[in-house]
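Listed here are the chains, written in short residue letters.
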Amino acid sequence: MEDDKKTVCRLDIDSLLRFEGSVTFDIYIRLSDDKTVKLSRGEDIKQVLPKYKEKGVDYVYVIKEQYIQYLEFLRGNLTSKFYNPLTSTIDQVEMLSDSYKATRESFIKLGISENAVLMAEEVSRKSLDVVNKSANIYQFFIAFKEKCDKQLMNKMLISYTTTLMISTFDWQTAAIKEKAALSCILSDIILEPEDFDIMAACGTDYKNLPEKIYNHPLEISRMLQSGGSMISKETIIMIEQHHEKPDGTGYPKKLRHTTITLLSAIQIVAEDFVEALIRNNFDHKAHKELLALFLNKYYQGNFRKAAISLCKMFGVDVPGF
Ligand SMILES: [Fe+2]
């Protein structure tokens, strides 16, 4: 295996075992910095991989060309099996999680590709379908959080909240909700799980963020636009603005509320709200307090409209609106 990290993509063993019958590529296992084992296609990986996992190996590596085939396989799977009546909700969540992780790895290691963008669109649409069919968002979170990539679970809840908030406006359409949902899925697509730990440790001290994290909204936008993909302008702007704050203290452009679009404001408020809900263990009694807090916090321009839409979504009337 070439040692250049750009030529190999990471794939977790659990995901691979779900598709072990369809593995048509060689895989590499790094046992240490200077020891790598190759498993040839056709070897009994169902037998072998669990043993490596027991030894503490979580990931295998696949070379670029073969990873592209794996992505295509995953997308085909998502298209053909997702709505099959025999596919349970757990299977659906695992499929989405595998697909999201593969899309992220593809964006990080292979850059922009039509395949990865199509995967992101599929994951976005199908994530919303899964969350929308659940009767209770809290139970959904509890039931599936162990089965789902942590960031994807977060994105699913943000996307769900964002689209419900949009539904309270008279300009809402299915198309605009789809564009907003895609922004929620793609907003952090080049960040790795460890990057979220760094972000959490920095809190609101954004100037201490590593450049890669600080610039990710613009870098993702640049990638999507350079790829000549058909990503809408609305989605691109939402991605660029998703860490801005109404008072200009956000990043990377330190925009003020006057230049932040209503769709961006909705996504920003939705993300903040979802994080607050998770912190509060989805405590129903805390909802009202949270809504009052959000109306106070987001009182300017489009953020005010976003905060009001959040209240309306919960059937809470805001006097004067
Ligand atoms: Fe982000």
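Residues numbered from 1 in each chain as written. Predicted model: local features only at pLDDT ≥ 70, side-chain atom pairs only at ≥ 80, totals over all residues.

## A few points about the overall build of the protein
Secondary structure summary: the protein contains 15 helices and four strands in total. By the compact-globule yardstick of 20 Å for 321 residues, the protein fits well, its C-alpha radius of gyration being 21 Å. Structurally, the protein occupies a C-alpha span of about 70 × 45 × 35 Å along its principal axes. By residue count, 36% of the 321 residues in the protein fall in the buried class. (Helix = DSSP H or I, 4+ residues; strand = E, 2+ residues; numbered from the N terminus. Rg over C-alpha atoms; globule rule 2.2 N^0.38 Å. Buried ≥ 20, exposed ≤ 12 C-beta atoms within 10 Å, placed from the backbone.)

## Quick look at the domain arrangement of the protein
One can read the domain layout of the protein as domain 1 (1-64) and domain 2 (138-313). The gap between the C-alpha centroids of domain 1 and domain 2 is 34 Å. (Domains from an automatic or database assignment.)

## Some details on the packing of helix H5 (residues 114-133) against helix H8 (residues 174-186)
Contact geometry for H5 and H8: axes closest at 9 Å, N-to-C directions at 110°. As the angle between them shows, H5 and H8 are arranged roughly perpendicular. Pair H5 / H8 crosses with right-handed handedness. Note on element contacts: H8 touches H5 through Glu178, Ala181, Leu182, Ile185 and Leu186, opposite Ala120, Glu121, Val123, Ser124, Arg125, Ser127 and Leu128. Residues belonging to the contact of H5 with H8 are distributed by class as follows: seven nonpolar, two polar and three charged. (Axes fitted to C-alpha atoms, helices over the stretch in contact; angles between N-to-C directions. Parallel < 35°, antiparallel > 145°, perpendicular 65-115°, else oblique. Left-handed = near helix turned anticlockwise from the far one by under 90°. Contact = placed C-beta atoms within 7 Å. Nonpolar A, V, L, I, M, F, W, Y, C, P; charged D, E, K, R; others polar.)

## So, the packing of helix H7 (residues 150-166) against helix H13 (residues 262-279)
The interhelical angle for the contact between H7 and H13, taken along N-to-C directions, is 130°, at an axis separation of 9 Å. With respect to H13, the element H7 is oriented oblique. In the packing of H7 onto H13, the handedness of the crossing is right-handed. Of the residues in H13, those in contact with Asn154, Leu157, Ile158, Thr161, Thr162, Met165 and Ile166 of H7 are Ile266, Gln267, Ala270, Glu271, Phe273 and Val274. When grouped by side-chain class, the residues that make up the contact of H7 with H13 number eight nonpolar, four polar and one charged.

## Comments concerning the pairing of strand E3 (residues 35-39)
By the bridge criterion, five bridges tie strand E2 (residues 27-32) to E3 in an arrangement that is antiparallel. Paired with Ile27 across the strands is Leu39, a residue of E3. In sequence, E2 turns back onto E3 through a hairpin of two residues. (Pairing = 2+ DSSP bridges.)

## Some details on H13
Spacing of three or four residues puts side chains on the same side of an α-helix, whose turn is 3.6 residues. Between its first and last C-alpha atoms H13 spans 26 Å; for 18 residues at 1.5 Å apiece the expected length is 26 Å, and the two agree. Among the residues of H13, Leu263, Ser264, Ala265, Ile266, Gln267, Ile268, Val269, Ala270, Glu271, Asp272, Phe273 and Val274 are the ones counted as buried. The secondary structure elements touched by the buried residues of H13 are H7, H8, helix H12 (233-241), helix H14 (284-297) and helix H15 (301-313). The positive-phi residue at the C-terminal boundary of H13 is Asn281, with phi of around 50°. (Expected span 1.5 Å × (residues − 1).)

## As for the environment of Phe282
Along the chain, the position of Phe282 falls in the loop between H13 and H14. For Phe282, a count of 17 C-beta atoms within 10 Å puts it in the partly exposed group. In this structure, the C-alpha to C-alpha distance between Phe282 and Ile137, residues 145 residues apart in sequence, is 8.7 Å. Once residues within four sequence positions are removed from consideration, Phe282 is found in contact with Tyr138, Phe141 and Leu277.

## Considerations on the environment of Phe294
Within the secondary structure, Phe294 is located in helix H14. A sequence separation of 270 residues divides Phe294 from Thr24, and the C-alpha atoms of the two residues are 51 Å apart. Look past the residues within four positions of Phe294 in its chain and what remains in contact with it is Val269, Phe273, Ala307 and Leu310.

## A few points about the environment of Leu290
As for its placement among the helices and strands, Leu290 is situated in helix H14. Put simply, Leu290 and Asn280 are ten residues apart on the chain and 9.7 Å apart in space, counted from C-alpha to C-alpha.

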